[in-house]
Amino acid sequence: MPAASAGNILFSKLVAFKEATAGTIPTLTSGGRKLLVTPTGAITTGTTIELGADRSVALRNPMIATTGVVVSTEPTVSATVPAISVGELPIWLSMTKTVSATGTATPYLWDYDYSMTTSNSPTTYTLVATDGQQQYALNYTLAESITLAADRSGLTSLSANLFSQSIAKNSASLADTVPASPFMAGRLWTAYQSGTVFPGTASGTALTYLLDFSLEFNAGITKQAYLAGTTSFSTHAESGPFMGSLTMTVSSTSSAVSTWYDAYQAATPVGVRLNWTNGTQSVNVMAMIVPTEVQPMAGAEDGLTTYSVTGNLVYDPTSAKSLRIIVGSDLATLP
């Protein structure tokens, strides 16, 4: 039988707490939101230890036991959410841009209208990870990249690459509850294209041939480390480019060819809107892309040939936008 004092996958979890001040761990004994992630393999401690291997000390082994030193601590988290919900999605997106929900009842609207000229001011979080045996707190956590994906056979998923300022053992008694927000069935997505115009929340011509999609974006958030008396990074900056891509598999129809193959051959931008709704909650993903890779007859599904389409997020000078995501959620405030 397994040891009673061992960590257990059934009791493993990752809990998010919004920080009022970046890097300061908030009260962990109340609030917080359990993130429904695949719990194992998510954390890399990022501790770099220097043992002085390159020096000469007249010994066969130059690494002396008492002279090891930690030169940097840069934890990272690679999280996979196999079934994202409308209640959890705003938490992940808030790690790339701070917004407040509008509305007085479900659905509360979270509008992530990413600025291409000013700061998006992401919200920092403390993440608490545990396997039921040992608990760890990772403060000043932000997202480097986020991927949202869906297909016809299951639920919408999310993955995120995050960085944190530090990691430490923690013993707070968490009081998080079990989330009850609805998951997002892949088949409830509908795709639209709006030609060379950045799409609105209700615009575009429906694409009846989309089989799956994967949207990945990097908001350009970087950690900044200085000679500042600490082995951790000191602050963050939005110093990187805002980049991303949309990858789709589409049926080889005349409409798909005229939309994607023709735009690819002419390097023409295409406005895309991806809409999900269960009748109450909703998600609208609006993007401007230029197709950079279109492969005809790339594969087959259900006996029909398919195209693979990849487009890069681009800046639309008319709307001054690249990406906007609006979530109509049962979440009223960030945890």
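What this report covers is the structure whose coordinates are included nearby. (Residues numbered from 1 in each chain as written. Predicted model: local features only at pLDDT ≥ 70, side-chain atom pairs only at ≥ 80, totals over all residues. Heavy atoms only, no water.)

A short note on the packing of aromatic side chains
Following the criterion strictly, the structure yields 6 aromatic pairs and no others. Taking the centre distance of 5.1 Å and the plane angle of 75° together, the rings of W189 and F213 count as edge-to-face. Of this pair, W189 sits in strand β12 (residues 189-193) while F213 sits in strand β14 (residues 210-218), and the two are 24 residues apart along the sequence. For W189, a relative accessible area of 11% translates into the label buried. Here the aromatic residues Y114, F217 and F242 are joined through ring pairs into a cluster of three or more. If you follow R273 out to its NZ or CZ, it ends over the ring of Y192, 4.1 Å from the centre. (Phe/Tyr/Trp six-rings, centres within 6.5 Å; stacked < 30°, edge-to-face > 60°. Helix = DSSP H or I, 4+ residues; strand = E, 2+ residues; numbered from the N terminus. Buried < 20%, exposed > 50% of the residue type's maximum accessible area, 1.4 Å probe, protein only. Lys NZ or Arg CZ within 6 Å of the ring centre and 35° of its normal.)

A few points about unusual backbone geometry
The step from T106 to P107 runs through a cis peptide bond, and the omega angle for that step is 5°. For P107, the position within the fold is in the loop between α1 (89-94) and β7 (108-113). Phi is positive for D302, which is not a glycine, with a value near 55°. The topology assignment puts D302 in the loop between β19 (282-301) and β20 (304-313). Overall, D302 belongs to the exposed group, its relative accessible area being 66%. Non-glycine residue A320 carries a positive phi angle of around 60°. You can see A320 is positioned in the loop between β20 and β21 (323-329).

Some remarks on the nonpolar core
Within the largest apolar cluster, 69 residues are counted, with the highest numbers of intra-cluster contacts made by W92, W189, W260, V283 and L323. Sequence-distant contacts of V283, that is, excluding residues within four places in its chain, are made with V86, L89, M184, W189, L274, N275, W276, I325, I326 and V327. Formed by 6 residues, the second largest nonpolar core is a distinct cluster that contains V15, F17, L28 and L174. (Core = buried A, V, L, I, M, F, W, Y, C linked by side-chain atoms within 4.5 Å. Contact = heavy atoms within 4.5 Å.)

Observations regarding the environment of P179
Structurally, P179 is set in the loop between β11 (166-170) and β12. Assessed through its relative accessible area of 21%, P179 is described here as partly exposed. For the pair P179 and E144, spaced 35 residues apart in the sequence, the C-alpha separation amounts to 25 Å. In this view, P179 contacts R33, K34 and L36; residues no more than four positions away in its chain are not counted.

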